Amino acid sequence: MSYGIEVKLRLLEKPWGDYKCIQEYTLPRSGDPLYYVCITSSNQYVVYDSVVVDPGLVKKVAELEDMFYDVLVGEESFVDWLEKIENPKLRHIVERQLVGYGVLEPFFMDPDVVNVHVMPDRPLHIIHRVYGRLQSNIVLSVEEVKELALRLAAAAGKPLSEALPLASFVEPRYEARVSVVYSSDVTMRKGLTVDIRKLPENPWTVLKLIHLGTLSIEEAAFLWLMVKYKVPVIIVGELMSGKTTLATALLALIPPGSRVLTAEDAPEFRIPVTYWTRTVTREFGEYKVTYFDLIKTGVRLSLDYIIVGEIRGEEAREWAHAILLGHGAITTFHAESPESALLRLVSPPISVDPRVLSMLNVFVKTNALERYGKRVFRHEVYIAEEGAVKPLFTYDPERDAIIRNPEVSDPIRDLKFIDRIVLAHRVTKDQLSREYKAMIKVLEETYWESLSKDPTLETPSYKELPEILYKKLEEKLRSEGI
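Residues numbered from 1 in each chain as written. Predicted model: local features only at pLDDT ≥ 70, side-chain atom pairs only at ≥ 80, totals over all residues. Heavy atoms only, no water.

Q: Help me understand the layout of surface pockets, please; the structure alone is not making it clear to me.
A: It is the rolling of a water-molecule-sized probe over the atoms that shows where space remains empty. The space that makes up the largest pocket amounts to roughly 1000 Å³. If you go around the largest pocket, you meet 46 residues; those closest to its centre are Arg197, Leu239, Met240, Thr244 and Glu268. Taken together, the elements giving at least two residues each to the lining of the largest pocket come down to β4 (113-118), β5 (123-128), β8 (176-181), β9 (193-197), α8 (243-251), β13 (305-310), β14 (330-334) and β17 (374-377). With five residues, α8 is the single largest residue contributor to the lining of the largest pocket. Tallied by class, the residues present in the lining of the largest pocket amount to 15 nonpolar, 15 polar and 16 charged. Volume-wise, the second largest pocket comes out at about 530 Å³. (1 Å grid on protein atoms, 1.4 Å probe; cavity = no way out; pocket = protein on both sides within 12 Å on 5 of 7 lines; lining within 4 Å. Points joined across faces, edges and corners; volume = space filled by probe spheres on them. Helix = DSSP H or I, 4+ residues; strand = E, 2+ residues; numbered from the N terminus. Nonpolar A, V, L, I, M, F, W, Y, C, P; charged D, E, K, R; others polar.)

Q: Got a minute to help me understand the pairing of strand β15 (residues 362-365) in this structure?
A: Within a regular strand, the side chains alternate between the two sheet faces. Residues Val362 and Val364 point to one face of β15 and Phe363 and Lys365 to the other, with burial holding for every one of them. Bridging between β15 and strand β18 (residues 380-385) involves four bridges; their strand directions are antiparallel. Residue valine 364 lies in a different strand from β18, and its bridge partner there is valine 381. (Buried < 20%, exposed > 50% of the residue type's maximum accessible area, 1.4 Å probe, protein only. Pairing = 2+ DSSP bridges.)

Q: Explain the environment of isoleucine 254 here, please?
A: One can find isoleucine 254 in the loop between α8 and β11 (259-264). The spatial distance from the C-alpha of isoleucine 254 to the C-alpha of leucine 225 is 9.7 Å, given a sequence separation of 29 residues. Apart from the residues lying within four places of it in its own chain, the contact partners of isoleucine 254 are Val227, Val260, Val273, Tyr305 and Tyr470. (Contact = heavy atoms within 4.5 Å.)

Q: Would you take a moment to explain the state of the cysteines for this structure?
A: Structurally, a disulfide amounts to a covalent bond that connects the sulfur atoms of two cysteines. Counting across every chain of the model gives one disulfide. Two residues, cysteine 21 and cysteine 38, share a disulfide whose sulfurs are 2.0 Å apart. With the S-S dihedral at roughly -110°, the linkage between cysteine 21 and cysteine 38 falls on the left-handed side. Here the residue cysteine 21 occupies a position in strand β1 (residues 21-27), and cysteine 38 occupies one in strand β2 (residues 35-40), the gap between them amounting to 17 residues. (Disulfide = S-S within 2.5 Å.)

Q: I'm lost on the nonpolar core in this one. Help?
A: The tendency in soluble globular proteins is for nonpolar side chains to be buried side by side. In terms of nonpolar packing, the biggest core is built from 64 residues, with Phe222, Met226 and Val362 touching the most fellow members. Looking at this core, the element that brings in the most residues is helix α7 (residues 217-228), giving nine residues. Setting aside its immediate chain neighbours within four residues, methionine 226 contacts Val231, Val233, Val362, Phe417, Ile418 and Ile421. Core analysis: the next-biggest nonpolar cluster, separate from the first, contains 39 residues, Ile126, Leu140, Ala153 and Phe169 among them. (Core = buried A, V, L, I, M, F, W, Y, C linked by side-chain atoms within 4.5 Å.)

Q: Would you mind going over the packing of aromatic side chains with me for this structure?
A: Each aromatic ring pair is described using two quantities: the centre-to-centre distance and the angle formed by the ring planes. Under the defined criterion, the tally for this structure stands at eight aromatic pairs. For the ring pair tyrosine 101 and phenylalanine 108, a centre distance of 5.2 Å and an interplane angle of 40° mean the geometry is tilted. Classification of tyrosine 101 as buried rests on a relative accessible area of 1%. For phenylalanine 108, a relative accessible area of 4% puts it in the buried group. Relative to tyrosine 436, the ring of phenylalanine 222 has its centre 6.3 Å away and its plane inclined at 80°; by these criteria the two rings are edge-to-face. In this pair, phenylalanine 222 is assigned in helix α7 and tyrosine 436 in helix α14 (residues 429-453), connecting sequence segments 214 residues apart. By the burial criterion, phenylalanine 222 is buried, and tyrosine 436 matches it. (Phe/Tyr/Trp six-rings, centres within 6.5 Å; stacked < 30°, edge-to-face > 60°.)

Q: What am I meant to see in a nonpolar patch on the surface here?
A: On the surface, a nonpolar cluster with roughly 260 Å² of combined accessible area is contributed by Leu166, Val181 and Val186. Mapping valine 181 onto the fold places it in strand β8. (Patch = residues over 30% accessible without salt bridge, like charges linked within 9 Å, V, L, I, M, F, W, Y side chains within 5 Å. Areas by Shrake-Rupley, 256 points an atom, 1.4 Å probe, with all protein chains shown as cover. Salt bridge = Lys/Arg side-chain N within 4 Å of Asp/Glu carboxyl O.)

Q: Looking at this structure, how should I read the packing of α7 against α14?
A: Angle between the axes and distance between the axes: these two values describe a pair of packed helices. Interaxial distance between α7 and α14 falls to 9 Å at its minimum, and their mutual angle equals 125°. What the angle tells us is that α7 and α14 run oblique. Crossing handedness for the pair α7 and α14: right-handed. Counting all contacts with α7, which are made through Ile217, Glu218, Ala220, Ala221, Phe222, Trp224, Leu225 and Lys228, the residues of α14 involved are Leu432, Glu435, Tyr436, Met439, Ile440, Val442, Leu443 and Glu444. Tallied by class, the residues present in the contact of α7 with α14 amount to 12 nonpolar, no polar and four charged. (Axes fitted to C-alpha atoms, helices over the stretch in contact; angles between N-to-C directions. Parallel < 35°, antiparallel > 145°, perpendicular 65-115°, else oblique. Left-handed = near helix turned anticlockwise from the far one by under 90°.)

Q: Would you take a moment to explain the sheet that holds strand β7 (residues 166-171) for this structure?
A: The strands making up a sheet associate through backbone hydrogen bonding, with each pair oriented either parallel or antiparallel. The nine strands are arranged β1-β2-β3-β6-β5-β4-β9-β8-β7 in an open sheet whose pairing can be described as mixed. Looking at which strands have only one partner, the edges of the open sheet turn out to be β1 and β7. With strand direction ignored, the average angle separating the axes of adjacent strands in the sheet is 20°. Bridge analysis of β7 against β8 gives six bridges, and the strand direction is antiparallel. Looking at the pairing, phenylalanine 169 lines up with valine 178 of β8. The strands touched by helix α5 (residues 142-156) are β4, β6 (132-139), β7, β8 and β9; relative to β7, the strand with the most contacts, the crossing angle is about 60°.

Q: Sorry if this is basic, but what is going on with the sheet that holds β11 here?
A: Spatially, the nine strands line up as an open sheet ordered β12-β11-β13-β14-β10-β15-β18-β19-β20, and their pairing is mixed. Among the strands making up the open sheet, the edge pair consists of β12 (275-280) and β20 (401-404). Across this sheet, the average inter-strand angle for adjacent strands is 25°, counted without regard to direction. Relative to β13, β11 runs parallel, the two sharing four bridges. Opposite leucine 261, over in β13, you have isoleucine 306 as the bridge partner.

Function cannot be inferred from these measures alone, as they are strictly geometric.
Okay, structure coming up:
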């Protein structure tokens, strides 16, 4: 890969060695393939160009390479020349060289690749939604990584140089979140890292998480009830433990007619509601916009939910104020446990008023585990009330299942903070209990119906599921006279 005048249309060669594929697929997933992907039993992500299996096309790539230089230094329009390339595979290779991201294009195209970590002279390291951490067969040189970093920053309109070596921004073509540590005196001229975090094209729904064993049906129903009645849900966990994936799935449980504002430092959430105000912070320039500014504005709007991407600092105080005003809230928090999250919230620099903590009752602890030879996620729910944190749904490693705490015979009747829902929404505990049981039935029925139609649980889609769930819930509650 080179973005200079010396143009080399680098091909991704197929490794002709002995390796065993546990899954093979093409990119794009449908239509004429541009790439072949092999996930190996030794945790490798092997990707190669489809043209390399055709000697005739490989020869034409060499011919295009000779022409490429003449086009770049000549008078002919690159766009006009590109249109003359009839073969879509050859055209793609030229496009990715000049206007794309070179050999990283297949990783952007793969909907199951959620993170790409690039360092010079080392195999690209990726995180796959199904197979977890994998090493790629692609290795980039120092110059190639530098050029990649500069191209990503230029596409986003962000400064990147030895004087400004640290950058974090959203790349506009794929809306991927990019963080760069550029080579400079800050890194003693040795460090150079590009980290790319992608937004999934079709986020996993709560049905998909149930299917993967990440949540139990009863646990998902409990969280659905909390989301519907605007009980704040705090998702805690370590890096890459599934916090954002879970938060996105829970956001699809917001009633479709709700008014929602999201405040993030990089756009990651997607919400299938009509009245959604999407806001992001502005870190560069003279007129900066902080989390605090966004949440403060959100409080002034007539909103049902104020969703904060991640709580880190002083914005937590305004966020807590929004909760006290009755806004629903789902947010992520980097902490190893609910207890440590509560401690961080009351400690500097966050310093939330300890009295507000009585309103923070539902915590989800995300867990990433190695099981069955791949990375799996098993999430637990904890309840904080009366000065103590107790488990409600926890993971049993022997059964590989999420189970309810046997000491809580009925979550609706046994948990004291449910009284707040009763007062705020003018419902009885009996009605809430029956609605919770109806939600369990709706999720169970929808899960099995969807599974029979699509074993991958990619359908119903993230946008379709909320309408389906709430329509079924309304019908079931009506039939039971609630």
